[in-house]
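Letter by letter, the chains look like this.
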Amino acid sequence: MDFLKKFWPQPFSLKQKEVKPFVILIIIYAVADIILGTVSGLLSAIPVLGLIFSIVGSLIGLYCTAGIVFSILKFVGVFKD
């Protein structure tokens, strides 16, 4: 669990059943995923660096998706402190 708290500290700082910080965090992760995914997709058209930007874009998408999932799990009380 310490490994998850090290890389995703925001979801684990949420309190159970507090709606406002939960919704704000979900929106931040979703917007970051959309914006950075779009930028990464546009930069992946560069011939030489395309592979690197594709990998980075995929990693950003996975990080944001995991952050959303961990936020939901913390909100509903699956993760206990």
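See the structure printed just above.
Predicted model only: the values in this text are computed from it and were never measured. (Residues numbered from 1 in each chain as written. Predicted model: local features only at pLDDT ≥ 70, side-chain atom pairs only at ≥ 80, totals over all residues. Heavy atoms only, no water.)

Novice: Requested: an account of helix α4 (residues 50-76), with residues and values cited.
Specialist: Helix length check: α4, at 27 residues, gives a terminal C-alpha distance of 39 Å against a target of 39 Å (1.5 Å per residue), a fit within 8%. The complete set of buried residues in α4 reads Gly50, Gly57, Gly61, Cys64, Ala66, Gly67, Phe70, Ser71, Lys74 and Phe75. In the stretch just after α4, glycine 77 is the one whose phi turns positive, near 95°. (Helix = DSSP H or I, 4+ residues; strand = E, 2+ residues; numbered from the N terminus. Expected span 1.5 Å × (residues − 1). Buried < 20%, exposed > 50% of the residue type's maximum accessible area, 1.4 Å probe, protein only.)

Novice: Give me the lowdown on the packing of aromatic side chains, citing residues and values where you can.
Specialist: Under the definition given, this model contains 8 aromatic pairs. Consider the rings of phenylalanine 12 and phenylalanine 79, whose centres lie 5.2 Å apart with planes at 45°: the pair is tilted. Taken as a pair, phenylalanine 12 in helix α2 (residues 9-12) and phenylalanine 79 in the segment after α4 lie far apart in primary sequence, 67 residues in all. Here phenylalanine 12 falls in the buried class, since its relative accessible area comes to 10%. Residue class for phenylalanine 79 comes out buried when judged on its relative accessible area of 15%. Each residue in the set Trp8, Phe12, Tyr29, Tyr63, Phe70 and Phe79 is aromatic and connected to the rest through ring pairs, giving one cluster. (Phe/Tyr/Trp six-rings, centres within 6.5 Å; stacked < 30°, edge-to-face > 60°.)

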